[in-house]
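Structural overview
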Amino acid sequence: MVKRIFVLLFSVLILTGCNSSEKLLQKGEYDRAIEKAVKKLRKDPGNDKELYVLKEAYTKANTFDMDQISFLEKEGRSENYVRIYQLYGKLDRRQDRIKTLPTRLMNEFRIVNYDDQLIATKEQAAETAYQQGLKYLDLGGKENARRAFYEFENVQSLYPNYKDVNDLQREASYLGTNQVLFVVENNSEIMLPERFESELRKISLGELNDHWIQYSVYENEDVNYDYFVSLNINRITMSPEGLEREKYTETTEIQDGMKYVLDERGNVMKDSLGNDIKVPNMINVSAEIETRRQYKEAMVGGSLDYIDLRTEQLVKSDNIGVTAVFDHISGSYTGDERALSQESKAITERNTVPFPNDEFMLMDAATLLKEKAKDIMYRNRGLLSSTY
């Protein structure tokens, strides 16, 4: 036990050492080193070792970021302003950590006011992202629309109500989204009830939608669909009405009143108080049960086909099939009711019922088919995200 505790403590010490501010500095993880050193200096302002690490990490991190800013500015590309703004924000947040130190320690660092740089680059970054988004929209196509969306998202992160960016982002979102229509086709040789397709169209596809895929169950003439998901029904089988009879017997021992205990001479035995001795009178009873099992099945099958309307190609096809089952058991008995088990008693209390008609069975199948189609579509939800 002692050995195990020692090993555990040793492991903790090693892990702590590996993540010390000094180790982080050596690995070039300057901001993590700064964060750790600042926390320690808040608790122990006289820790010279942590102050040294903080100065080193702070200087190197700032130098690295300023060098990047200088390069991006010299490069002169308008799209660089977003990155420049982010770097100035990083510099500003870094020195905000320094400001949490005691005044004596904070005075050992050079604090710079980056407000002018942040304001200037923020405006330039917003306008650059805005113009880039417009450019992508003009180029057309879903991939460019999605790029435009993210550019407008950058603008909104800087200025939520910049120009008409909200309307443009909605437009980019619509243009970049794949529109998918769920359709039902009956290619079997059996006429389906009118309500059958209506039931299938009640399929709830909302949870399949994501940012770039929108499912519909009713066609909108104003929408240019990119995919059809076609539920192609080509097999419908209805079994005949079946009735199976079965008989079995149940026997059990039950108490039927009380009986006197007799001695060897046939006299009633007495207890110590002179009372007649009685014991339960156990008898065997039996009953014959006849069960009647009514059953009928409706089987509907086909395929779930993914069709790319842009290329008129079948992308994927999954087999699909369901069986709606009517299964009713009733029964009757002859003999002693007391012999019936709980299960048998429940059966004998049920009467035979009329068989459901074919339309009823098909509607049950439609409900099952709807759920199974949804499961398949959920598994394939990443299939329709293409932008080509």
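Remember, predicted model here, so these are calculated numbers, not experimental data.

1. What to know about the overall build of the protein
Across its full length, the protein carries 12 helices and six strands. For 388 residues, the compact-globule formula gives about 21 Å, and the C-alpha radius of gyration of the protein, at 40 Å, lies well above that figure. Its C-alpha atoms give the protein principal-axis dimensions of roughly 120 × 75 × 35 Å. Put simply, the protein has 388 residues, and 37% of those count as buried. For the protein, long-range pairs separated by at least 24 residues make up 73% of all intrachain contacts whose partners lie at least 6 apart in sequence. Here the protein has roughly 23,600 Å² of accessible surface; of this, 49% comes from carbon and sulfur atoms. Once the 53 positive and 65 negative side-chain charges of the protein are each reduced to a mean point, those two points are 9 Å apart.

2. Looking at a nonpolar patch on the surface
Side chains of Tyr-260, Leu-262 and Val-268 sit close together on the surface and give an oily, nonpolar patch of about 260 Å² of accessible area. With respect to the helices, strands and loops of the structure, Leu-262 is situated in the loop between β4 (242-260) and β5 (278-308).

3. Some remarks on helix α4 (residues 48-75)
The periodicity of an α-helix, 3.6 residues per turn, causes residues three or four positions apart to be oriented the same way. For α4, with 28 residues, the first-to-last C-alpha span of 41 Å sits near the 40 Å given by 1.5 Å per residue. Listing the buried residues of α4 in full gives Glu-50, Leu-51, Val-53, Leu-54, Ala-57, Tyr-58, Ala-61, Asn-62, Asp-65, Ile-69 and Leu-72. For α4, the secondary structure elements touched by its buried residues are α2 (21-26), α3 (30-43), α5 (80-98) and α6 (103-106). Among the residues of α4, the N-terminal cap falls to Asn-47, whose side-chain oxygen and the backbone nitrogen of Lys-49 are separated by 3.2 Å. A positive phi of about 75° marks Gly-76, the residue just after α4.

4. Observations regarding the side chain of Asp-226
Note that Asp-226 resides in the loop between β2 (213-216) and β3 (227-238). You can call Asp-226 buried: its relative accessible area is 5%. At a separation of 3.4 Å, a polar atom in the side chain of Asp-226 contacts the side chain of Lys-142. Reaching out from Asp-226, the side chain makes a polar contact with the backbone nitrogen of Gln-179 at a distance of 2.7 Å. Apart from residues no more than four positions distant in its own chain, Asp-226 is found in contact with Lys-142, Thr-177, Asn-178, Gln-179, Ile-307, Asp-308, Leu-309 and Arg-310.

5. Observations concerning the pattern of salt bridges
Counting across every chain of the model gives 29 salt bridges. A salt bridge links Glu-35 to Lys-39, with the shortest nitrogen-to-oxygen separation between them at 3.9 Å. Placement of both Glu-35 and Lys-39 in helix α3 is noted, with a separation of four residues, approximately one turn of the helix. For Glu-197, the salt bridge identified is with Arg-201, shortest N-O distance 2.8 Å. What you see here is one network of salt bridges that share partners, running through Lys-27, Glu-29 and Arg-32.

6. As for the environment of Asp-305
Relative to the elements of secondary structure, Asp-305 occurs in strand β5. In this view, Asp-305 contacts Phe-228, Val-229, Ser-230, Asn-232, Leu-314, Lys-316 and Ser-317; residues no more than four positions away in its chain are not counted.

7. Comments concerning the nonpolar core
Phe-182, Phe-196, Ile-233, Val-300, Leu-304, Leu-369 and Met-377 are the most contacted members of the largest nonpolar core, which has 35 residues in total. Mapped by element, the contributors of at least two residues to this core are β1 (178-186), α10 (194-200), β2, β3, β5, β6 (313-335) and α12 (358-379). Residues in contact with Met-377, not counting those within four places in the same chain, are Phe-182, Ile-203, Leu-205, Leu-208, Tyr-215, Val-229, Leu-304 and Tyr-306. One finds Ala-37, Leu-41, Leu-51 and Leu-54 within the second-largest nonpolar core, a separate group that totals 17 residues.

8. Comments concerning the environment of Lys-202
Inspection of the secondary structure puts Lys-202 in the loop between α10 and β2. Lys-202 sits in the exposed class, given a relative accessible area of 56%. Here the alpha-carbon distance between Lys-202 and Thr-367, two residues 165 residues apart in the chain, equals 9.2 Å.

9. Section: unusual backbone geometry
Unlike most non-glycine residues, Lys-163 shows phi in positive territory, near 45°. Tracing the sequence through the fold places Lys-163 in the loop between α8 (142-158) and α9 (165-176). A positive phi angle, close to 55°, is found at Glu-312, a residue other than glycine. Mapped onto the fold, Glu-312 is located in the loop between β5 and β6.

10. Some thoughts on α3
Compared with an ideal rise of 1.5 Å per residue, which puts 14 residues at 20 Å, α3 spans 20 Å between its outermost C-alpha atoms and is within 8% of the ideal. For α3, every residue scored as buried is listed here: Ala-33, Ile-34, Ala-37, Val-38 and Leu-41. With its buried residues spanning 130° around the axis, α3 presents them on a single face. Those residues of α3 hidden inside the fold are in contact with α2, α4, α5 and α6.

11. Things to note about the side chain of Asn-62
Its location among the elements puts Asn-62 in helix α4. Overall, Asn-62 belongs to the buried group, its relative accessible area being 14%. Within the structure, Asn-62 has its side chain in polar contact with the side chain of Arg-94 (distance 2.7 Å).

12. Things to note about the confidence of the model for the protein
With 95% of its residues at a pLDDT of 70 or more, the protein shows a mean pLDDT of 90. Here residues 5-17 scores under 50 on pLDDT; set against residues more than four positions off or in separate chains, the count is one contact.

What counts and what doesn't
Residues numbered from 1 in each chain as written. Predicted model: local features only at pLDDT ≥ 70, side-chain atom pairs only at ≥ 80, totals over all residues. Heavy atoms only, no water. Helix = DSSP H or I, 4+ residues; strand = E, 2+ residues; numbered from the N terminus. Rg over C-alpha atoms; globule rule 2.2 N^0.38 Å. Buried < 20%, exposed > 50% of the residue type's maximum accessible area, 1.4 Å probe, protein only. Contact = heavy atoms within 4.5 Å. Areas by Shrake-Rupley, 256 points an atom, 1.4 Å probe, with all protein chains shown as cover. Lys, Arg positive; Asp, Glu negative; His and termini not counted. Charge placed at Lys NZ, Arg CZ, Asp CG, Glu CD. Patch = residues over 30% accessible without salt bridge, like charges linked within 9 Å, V, L, I, M, F, W, Y side chains within 5 Å. Salt bridge = Lys/Arg side-chain N within 4 Å of Asp/Glu carboxyl O. Expected span 1.5 Å × (residues − 1). Polar contact = N/O pair within 3.5 Å; in protein donor to acceptor, adjacent residues only side chain to side chain. Core = buried A, V, L, I, M, F, W, Y, C linked by side-chain atoms within 4.5 Å. Arc of directions from axis to C-beta. pLDDT = per-residue confidence, 0-100.

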